Amino acid sequence: MSKKVIQAELSPAELQHKITAMRAGGKILGGVLRDLRDFVKPGVTGKKIDIWVREEIVKRGAKVAYDYLEESFPGAICISVNDALVHGAPTDEPLEEGDKVSFDLDVLYDGYYTDSAFTMLVGGKGSPAVKQMIKVTEESMWAGIEQVRPGAKIGDISYAVEKVLRKGKLGVIENYVGHGIGREMHEAPEVPNYGIKGRGYTLKVGDTICIEPMSCLGKPANYVDKESNWTVRMKDGSIGCHCEHTVLVTEDSYEVLTLCD
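Residues numbered from 1 in each chain as written. Predicted model: local features only at pLDDT ≥ 70, side-chain atom pairs only at ≥ 80, totals over all residues. Heavy atoms only, no water.

1. Quick word on the confidence of the model for the protein
Here the protein shows a mean pLDDT of 95. Residues at 70 or above account for 97%. Confidence over residues 2-6 falls short of pLDDT 50; this stretch has 16 contacts with residues more than four positions distant or in other chains. (pLDDT = per-residue confidence, 0-100. Contact = heavy atoms within 4.5 Å.)

2. Examining the environment of Val205
Tracing the backbone shows Val205 in the loop between strand S8 (187-191) and strand S9 (208-211). A relative accessible area of 34% means that Val205 is categorised as partly exposed. For the pair Val205 and Glu251, spaced 46 residues apart in sequence, the C-alpha separation works out to 5.7 Å. Ignoring sequence-local partners within four residues, the contact set of Val205 consists of Pro150, Val249, Thr250 and Glu251. (Helix = DSSP H or I, 4+ residues; strand = E, 2+ residues; numbered from the N terminus. Buried < 20%, exposed > 50% of the residue type's maximum accessible area, 1.4 Å probe, protein only.)

3. Concerning the side chain of Asn222
Relative to the helices and strands, Asn222 is located in strand S11 (residues 222-224). Residue Asn222 is classed as buried on the basis of its relative accessible area of 12%. For Asn222, the side chain forms a polar contact with the side chain of Asn175, separated by 2.8 Å. Residues within four places of Asn222 in sequence aside, it is in contact with Leu85, Ile173, Asn175, Tyr176, Val232, Arg233, Met234 and Lys235. (Polar contact = N/O pair within 3.5 Å; in protein donor to acceptor, adjacent residues only side chain to side chain.)

4. With respect to the sheet that holds strand S14 (residues 245-249)
Each strand in a sheet pairs with another by means of backbone hydrogen bonds, the pair being arranged parallel or else antiparallel. Taken together, five strands build an open sheet; the order of strands is S8-S7-S9-S14-S15 and the sheet is antiparallel. Each end of this open sheet is capped by a strand with a single partner; those strands are S8 and strand S15 (254-256). Averaged over neighbouring strand pairs, the angle between their axes works out to 25° when direction is ignored. In this structure, strand S7 (residues 178-180) lies alongside S8, joined through three bridges in antiparallel fashion. Residue pairing in the sheet places Gly178 in a bridge with Val191 of S8. Docked against the sheet, helix H4 (residues 154-167) engages S8 and S9, running at close to 40° with respect to S8. (Pairing = 2+ DSSP bridges. Axes fitted to C-alpha atoms, helices over the stretch in contact; angles between N-to-C directions.)

5. A closer look at the packing of helix H1 (residues 12-39) against helix H2 (residues 46-59)
Taken N-terminus to C-terminus, the directions of H1 and H2 make an angle of 145°; their axes are 11 Å apart at the nearest point. At the point where H1 passes H2, the crossing takes the right-handed sense. Where H1 abuts H2, its residues Val32, Asp35, Leu36 and Phe39 lie against Lys48, Ile49, Trp52, Val53, Glu56 and Ile57. Classifying every residue of the contact of H1 with H2 by side-chain character gives seven nonpolar, no polar and three charged. (Left-handed = near helix turned anticlockwise from the far one by under 90°. Nonpolar A, V, L, I, M, F, W, Y, C, P; charged D, E, K, R; others polar.)

6. Some remarks on unusual backbone geometry
Working note: non-glycine residues mostly have negative phi, and peptide bonds are mostly trans. The omega torsion of the bond from Ala188 to Pro189 falls at 0°, within 30 degrees of zero and hence cis. Structurally, Pro189 is set in strand S8. Even without being a glycine, Asn82 presents a positive backbone phi close to 55°. Inspection of the secondary structure assignment puts Asn82 in the loop between strand S2 (78-81) and strand S3 (84-86). Phi at Asn229 is positive, roughly 60°, even though this residue is not glycine. Residue position: Asn229 is located in the loop between S11 and strand S12 (232-234).

The structure is reproduced here in structure tokens:
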């Protein structure tokens, strides 16, 4: 999914509108993903999940963000199974107990986007190595989030994420990164999952960014499969993992916008 570089300066009123809209949209998104965990069971197909997600987004008062992409995506949510890392196109293939599946969802509410992702094992059972990968990747996301504050550098976030992933002996994906978000789904700055402290863009109050670690059990090389022209797969067939939250820079810290009440 392509990125656009947009760094518009907002008036105080515009900034307040942005924050209000993204808080509301983020709670809707968080609620959909929370309930999705219960909907996902062995035997359900990606396309059935996609239909459910689309209905839930609309029912809760938001818009399906992927409908507004310049490049047409075949679904309302990305569903990446096993060796698929990100951008998985929904299919008719039933999920099996123990499958790793990553869900990546954007919603559009009152003119603003929010974005979040999580990874789970279908049926709650599966490889201990995959369970550990999911745990470590989530920990790396929170380590990055905890660096967010006015005056912090993007490199502070990137370094914190990478440190946890490397300590967990996971492959670190470098060619897909986090990003700014707001009026557009992808805005500046980019937020890599590797980096050096003290470098990069300086965060300011009102910035909204997506921190989204991606990891794997094997080598990090990946490719876009030709069948879907969307699904990104690991070249060595290993399992990929993806977690993400949209985060607001507040006066002295951060607020995670894509958690539900």
